Amino acid sequence: MASYIIRRILIGIPTILALVVFSYLLIVVAPGSPFAGERPLPPDVLANIEARYGLDRPLAEQIASYVWRIVMDFDFGPSFAYQDRTVTDIVLQGFPVTLTYGFLAFLVSVLVGVTLGIVAAIRKNTWLDYLAVGISIGAQALPNFVMAPILVLVFTLWLGVLPGGGWQGGQLPYLVMPVIALSTSFMASIARITRSSMLEVLNADFILTARAMGLGFGRIIFSHALKPAMLPVVSYLGPTFVGMITGSVVIDMYFSTGGIGQFFVNAAINRDYPLIMGITILTGCLTVTFNLVVDVLYAWIDPRIRY
Amino acid sequence: MIFSVQARVDTASKVDPSDGRSLWQDSRTRFLRNHAAIGSAVLLLLICLYALLAPVASGWSGEAIDWNVLGDVQSKGRPSMETGHLFGTDELGRDIFVRTAMGTRVSLMVGVFGALVAVIVGTFYGAVSGYIGGVTDSVMMRIVDILMSIPFMFVLILLLMVFGRSVILLFVGIGLVSWLDMARIVRGQTLSLKQAEFVEHAVVTGISPLMIIGRHIIPNLLGVVVVYATLLVPNMILYESFISFLGLGVQEPNTSLGALINSGASQMQYGTLWQIGFPLFFFISTLLGFFFVGDGLRDALDPRDDQ
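So, how was this worked out
Within any chain, residue numbers begin from 1 and follow the written order of that chain's sequence. Chain letters start at A and ligand numbers start at 1, both assigned in the order the entries are written. For a predicted model such as this one, the threshold for reporting local features is a pLDDT of at least 70, and the threshold for listing and counting side-chain atom pairs is 80 or more; totals across whole chains, interfaces and linings nevertheless cover every residue. Hydrogens are left out, water is left out, and the side-chain values use all remaining heavy atoms of the structure. Each axis is a line fitted through C-alpha atoms, and for a helix only the stretch in contact is used; angles between axes span 0 to 180 degrees, taken between their N-to-C directions. A helix here means a DSSP run of H or I that spans at least four residues, while a strand means a run of E at least two residues long, and both kinds are numbered starting from the N terminus. Throughout, a crossing is termed right-handed when the near helix is turned clockwise from the far one, and left-handed when it is turned anticlockwise from it by less than a right angle. Two residues form a contact once any of their heavy atoms are found within 4.5 Å. Each residue receives one of three labels: charged for Asp, Glu, Lys and Arg, nonpolar for Ala, Val, Leu, Ile, Met, Phe, Trp, Tyr, Cys and Pro, and polar for the others, Gly being one of them. Residues enter a nonpolar core if they are buried and are Ala, Val, Leu, Ile, Met, Phe, Trp, Tyr or Cys, with the set joined through side-chain atoms within 4.5 Å. Throughout, exposure labels follow a simple rule: accessible area from a 1.4 Å probe, protein chains only, divided by the maximum for the residue type, with under 20% read as buried, over 50% as exposed, and the rest as partly exposed. What counts as buried area is the accessible surface, traced by a 1.4 Å probe, that two parts surrender upon association, with contributions from both included. When a carboxyl oxygen of Asp or Glu lies within 4 Å of a side-chain nitrogen of Lys or Arg, that pair is called a salt bridge. Under the rule applied, a polar contact is a pair of N or O atoms within 3.5 Å (in protein, one hydrogen donor and one hydrogen acceptor; residues adjacent in sequence only if both atoms are side-chain atoms). With respect to orientation, any angle under 35 degrees is reported as roughly parallel, any angle over 145 as roughly antiparallel, any angle of 65 to 115 as roughly perpendicular, and every other angle as oblique. Expected helix span is taken as 1.5 Å per residue step, with the number of steps being one fewer than the number of residues. Take the seven residues that end at a residue and the seven that start at it, fit an axis to each, and the angle between those axes is the bend at that residue.

Residues and elements named next belong to chain A. Their axes nearest at 8 Å, the elements helix α6 (residues 144-158) and helix α7 (residues 172-202) cross at an angle of 140 degrees. Of the two elements, α6 crosses α7, and the hand of that crossing is right-handed. Contacts between α6 and α7 involve Asn144, Met147, Ala148, Leu151, Val152, Phe155 and Thr156 from the first element and Met177, Ile180, Ala181, Leu182 and Thr184 from the second. For the contact of α6 with α7, the residue count by class is 9 nonpolar, 3 polar and no charged.

Put into structure tokens, the structure is as follows:
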């Protein structure tokens with residue numbers, strides 16, 4: 001197991017490096033400069049600015065020193081658009097917000113989804129099953145950017161019980177809608193996956209054996225069926241996590257929560273290259289780390305996998 | 001003996017007894033018996049007809065501004081037969097009936113075209129990787145693993161910023177980031193096809209590997225590919241709408257369902273709910289339609305006894 005974890009980490013490092021190099025190259029070939037304003041700058045002024053940001057050195061050297069500064073000092077350089085602020089500064093402000101509601105949404109989608117799926121599977125072909133399947137099919141067509149306006153319409157404009165946006169240090173009323181909007185479609189997918197894999201497991205011979213031995217229903221479900229039935233769910237956790245990170249862009253824009261998503265879109269519009277790269281690289285690192293955890297979890301749950 | 005067989009064939013189907021039943025015929029019967037899938041296929045057809053014909057049928061164009069309505073969209077811009085605005089107008093006095101059709105058309109095009117790119121790239125990549133095997137295979141699959149753990153929406157937004165926003169780039173970009181699952185599925189299928197006798201025969205006769213992949217492997221993959229392509233289309237539509245919701249995708253005066261939902265959401269507080277309602281209805285119907293047809297195709301082509 002230890003060697004497997006080490007191998008997985010060794011795969012993760014080139015992944016992140018590839019991401020860094022790719023996004024750096026992309027930005028280098030990009031037409032238009034962040035310093036191109038309405039009036040063209042005199043060439044010597046432009047050269048001075050470029051030297052200030054190290055843009056006059058060879059490409060490989062630029063990338064190497066960029067990576068070096070990130071690894072050694074967690075320094076992503078200055079932001080082009082937000083003057084006087086460093087990317088590190090902005091990222092440290094935005095990430096805690098995103099991670100707070102993202103983590104909650106992740107928890108909600110897994111817990112509600114798995115519960116719904118199990119209930120549907122053990123009450124197969126009853127009204128409860130149809131209800132759960134109905135919810136999960138319907139909710140699949142309700143991605144975050146559809147849920148967000150619907151929630152605001154109902155809870156802010158009609159009922160007037162929840163604030164339509166803002167963060168306020170993450171107080172509960174400000175958290176409810178972002179978490180629901182972000183989790184709905186993933187909750188639905190997890191419920192569907194859980195249901196079908198639970199049904200498959202419940203048809204397996206070892207469950208029949210457990211029944212024949214007279215084990216109680218709850219015991220069969222929770223100590224025998226649950227673990228193998230969770231395997232497909234575990235492999236869906238990676239995509240769910242990526243979905244939470246990506247969805248945060250919509251949540252931040254729509255609810256003005258002040259997370260990284262908002263900075264990302266603004267940076268994209270302002271061509272604020274260091275900020276875009278910083279956010280892309282950090283989300284990449286998070287995703288790679290999370291996938292690593294999921295793989296290890298998978299190997300731990302599934303006794304057939306030996307590394 | 002003969003009589004009983006004859007009788008069973010007669011009652012079982014109207015197929016000419018001498019023909020027997022092929023796997024495809026079996027699949028077709030199963031698909032036609034799936035009411036949800038058939039209903040969805042009809043629904044999708046109707047949506048396509050609407051998207052194509054609405055701009056012709058309506059007296060308004062998607063860009064023309066109805067000056068009578070402007071300034072009092074809340075009351076005069078309502079959906080009504082008299083003004084000819086069946087779905088009402090947006091805050092600029094443009095006809096929602098036609099604009100929703102335009103948006104649906106763009107979304108459907110992105111969906112189909114993106115899925116096509118994903119299918120072509122993914123099938124070829126997966127087939128080559130699986131057929132050649134060995135070191136090539138593991139390197140190619142590692143690359144897929146690496147690409148999979150990158151948060152793609154960020155890279156796609158990056159691409160759109162660098163190369164300018166255009167529908168074509170959006171098509172290609174979404175397609176190019178979506179071939180990874182396809183490549184994995186196709187590779188798995190190729191691995192088992194490689195063992196088939198007709199492939200061995202082709203190898204023995206000295207046909208080149210590329211020819212074998214093109215003439216013998218890929219045609220046999222088509223069933224799986226078609227099913228996953230149908231399930232890819234709604235995902236493409238989701239991606240595109242996500243990007244357009246953020247205002248980074250399709251640009252005015254052209255529109256897409258995501259952009260329409262976004263502008264509808266921003267006008268919600270003034271009570272012009274038709275502006276978000278109609279695009280939302282077509283968005284959700286299209287997604288659900290593709291989900292059901294895809295599920296129906298999968299069940300028809302890949303029969304399993306659970307469900």
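Now for the nonpolar core. The biggest cluster of nonpolar side chains holds 156 residues, and the ones touching the most others in it are Ile157 and Phe283 of chain B. Among the elements that line this core, the one with the most residues is helix α11 (residues 209-245) of chain B, at 16 residues. For Ile157 of chain B, the contacting residues outside a window of four places in its chain are Phe264 and Ala268 of chain A together with Ile243, Leu246 and Leu248 of chain B. Listed in part, the 13 residues of the second largest apolar core include Ile47, Phe87, Met102 and Phe282 of chain B.

To continue, consider the interface of chain A and chain B. Bring the parts together and some accessible area is lost; that lost area is often taken as the interface size. Across the contact, 49 residues belong to chain A and 38 residues belong to chain B. Together, the buried faces of chain A and chain B total about 3700 Å²; carbon and sulfur atoms form 81% of this surface. Between Asp295 of chain B and Arg192 of chain A there is a salt bridge, with its nearest N and O atoms 2.8 Å apart. Summed over the shared surface of chain A and chain B, the result is 1 residue pair in polar contact (both at pLDDT 80 or more). Those elements that provide at least two residues to the side of chain A that touches chain B are α1 (2-29), α5 (127-140), α6, α7, α10 (231-255), α11 (260-270) and α12 (273-301) of chain A. The element contributing the most residues to the side of chain A that touches chain B is α6 of chain A, with 9 residues. When its residues are assigned to classes, the side of chain A that touches chain B shows 32 nonpolar, 13 polar and 4 charged.

To continue, consider the environment of Pro40 of chain A. Residues and elements named next belong to chain A. Summarising the element assignment, Pro40 is placed in the loop between α1 and α2 (43-52). Overall, Pro40 belongs to the exposed group, its relative accessible area being 73%. Along the chain, Pro40 and Phe263 lie 223 residues apart, while their C-alpha atoms are 27 Å from each other.

Further remarks concern the pattern of salt bridges. Tallied over the entire structure, the rule returns 5 salt bridges over all chains. Arg187 of chain B is paired through a salt bridge with Asp137 of chain B; the nearest N and O atoms lie 2.7 Å apart. Linking Arg187 of chain B in helix α9 (residues 179-193) with Asp137 of chain B in helix α6 (residues 134-148), this pair joins segments that are 50 residues apart in sequence. Salt bridges sharing partners connect three or more residues here, namely Arg192 of chain A together with Asp295 and Arg298 of chain B.

The next subject is the packing of helix α3 (residues 35-57) of chain B against helix α5 (residues 96-132) of chain B. All names here are of chain B. Where α3 meets α5, the axes come as close as 8 Å, and the angle between the chain directions of the two elements is 130 degrees. Considered as vectors, α3 and α5 are oriented oblique to each other. Note that α3 runs across α5; the crossing there is left-handed. Listed contacts from α5 to Ile47, Cys48, Tyr50, Ala51, Leu52, Ala54 and Pro55 of α3 are Phe97, Val98, Thr100, Ala101, Thr104, Arg105 and Leu108. The residue makeup of the contact of α3 with α5, split by class, is 11 nonpolar, 2 polar and 1 charged.

Time to look at α11 of chain B. Residues and elements named next belong to chain B. In this model, α11 (37 residues) spans only 45 Å end to end at C-alpha, well below the 54 Å of a helix rising 1.5 Å per residue. At Leu222, α11 shows its maximal kink, close to 50 degrees. Gly247 occupies a position one or two residues after α11 and carries a positive phi of about 80 degrees.

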